[in-house]
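One-letter residues, chain by chain:
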Amino acid sequence: MYSKLAFLLSILSLHILTASASDPDPVQDFCIPNTELGSTTTTRFNLVTCKNPKEVSPEEFVFSGIKSPGNFSDTGLSAISVNPSVFPGLNTLGMSFVRADLKVGGINAPHFHPRATEIAYVVKGKVYSGFVDSTNRVFAKIIEQGEVMVFPRGVVHFQMNIGKSSATIFGSFNSQNPGTHRIPNIIFGSGINDELLEKAFGLTLEQISLIRRKFIFHKKQGKS
């Protein structure tokens, strides 16, 4: 009896942990934030009041901000993230998306999304795309126009344009706030102790300082 109860409790605990790691289920068809009433901040969320559905227009479910690329970084990447803060129609729907453009030879440096799985659809171009799982195995492939690749939640993934023209990728996430942690920025742009990095990567303090200056400069310029 005890073993059965322990088993049921373990399954229930797993279900609760899984549910709490995802976006909450909506309790209405949609919730366009009523910005005039502001929001209430709790320990985990900003709670916003929804507009009266009768006051919502079709335009609030349409977004036109990804018709063309944004500004490009030094790595040849332009990324326009679309979430409820810029597209209120997404609020409470548990999803967000991104338009990414890569110049020839451009890269989307290794990064991960702690709160979402991503599906990447190649609109145009030829992209070396992949991820690394928890056993350090690389799953990588060249994908072209019309093909899709999925990146499981929380795993490091990357992309590089290997074609002879620019590439465009449309990424979709199963969270309205997937989060993005870029590995180079985390390691060299966050203030981790230099001695630790020296021992971890076999670099000299001078080399670490040189790399750090690059990320500090980009942070001041508002780049990623």
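Residues numbered from 1 in each chain as written. Predicted model: local features only at pLDDT ≥ 70, side-chain atom pairs only at ≥ 80, totals over all residues. Heavy atoms only, no water.

Under an unreviewed UniProt entry, the name given to the protein is Germin-like protein, and the source organism is Abeliophyllum distichum. Quoted verbatim from the Sequence similarities (unreviewed entry) field of the UniProt record, the comment on the protein reads "Belongs to the germin family." Recorded in UniProt under Function (unreviewed entry), the annotation for the protein is "May interact with bacterial adhesins thereby protecting the reproductive tissues from microbial attack. Has no oxalate oxidase activity." (UniProt positions renumbered as here; feature names shortened; annotations may be inferred.)

J.: Tell me about the overall build of the protein, and name the residues and values.
T.: Secondary structure summary: the protein contains four helices and 12 strands in total. In the protein, of all internal contacts separated by at least 6 residues, the share reaching a separation of at least 24 is 67%. When the accessible surface of the protein is totalled, it reaches about 14,500 Å², and 59% of it is carbon and sulfur. (Helix = DSSP H or I, 4+ residues; strand = E, 2+ residues; numbered from the N terminus. Contact = heavy atoms within 4.5 Å. Areas by Shrake-Rupley, 256 points an atom, 1.4 Å probe, with all protein chains shown as cover.)

J.: Help me get a handle on the UniProt feature "binding site: Mn(2+)" (unreviewed entry) in the protein, residues and values and all.
T.: The residues that UniProt annotates with the feature "binding site: Mn(2+)" (unreviewed entry) are His111, His113, Glu118 and His157. For the annotated residues, spread through 47 residues, the largest C-alpha to C-alpha distance comes to 11.8 Å, consistent with a single compact locus. Within the fold, His113 resides in the loop between β5 (107-112) and β6 (118-124). Judged by relative accessible area, which is 4%, His113 ranks as buried. Ignoring any residue separated from it by four or fewer positions in sequence, one finds His113 in contact with Glu118, Arg153, Gly154, His157, Phe173, Pro178, Gly179 and Thr180. Within the structure, His113 has its side chain in polar contact with the side chain of Glu118 (distance 3.2 Å). Looking at the secondary structure, you find His157 in strand β10 (residues 156-161). (Buried < 20%, exposed > 50% of the residue type's maximum accessible area, 1.4 Å probe, protein only. Polar contact = N/O pair within 3.5 Å; in protein donor to acceptor, adjacent residues only side chain to side chain.)

J.: Tell me about the side chain of His113, and please be specific about residues and values.
T.: A polar contact is formed between the side chain of His113 and the side chain of His157, at a distance of 3.4 Å. At 2.8 Å, the side chain of His113 forms a polar contact with the backbone oxygen of Gly179.

J.: Just give me the short version of the sheet that holds β5, but keep the residues and values in it.
T.: The sheet built from five strands is open, its strands ordered β8-β7-β10-β5-β12 with antiparallel pairing. Edge positions in the open sheet fall to β8 (138-144) and β12 (181-182), since each of these has one partner strand only. Sheet topology places strand β7 (residues 126-132) next to β10; six bridges connect them, and they run antiparallel. Paired with Tyr128 across the strands is Met160, a residue of β10. (Pairing = 2+ DSSP bridges.)

J.: Before we move on, can you summarise the sheet that holds strand β11 (residues 167-173) with the specific residues and values?
T.: Where strands meet in a sheet, backbone hydrogen bonds hold them as pairs that are either parallel or antiparallel. Read from one edge of the open sheet, five strands run β3-β4-β11-β6-β9, paired in antiparallel fashion. Strands with a single pairing partner mark the edges of an open sheet, and in this sheet they are β3 (77-82) and β9 (148-151). Neighbour-to-neighbour, the strand axes of this sheet turn through a mean angle of 20°, independent of strand direction. Looking at chain direction, strand β4 (residues 96-102) and β11 are connected through seven bridges and run antiparallel. The residue bridging Arg99 from the neighbouring strand is Phe170, located in β11. (Axes fitted to C-alpha atoms, helices over the stretch in contact; angles between N-to-C directions.)

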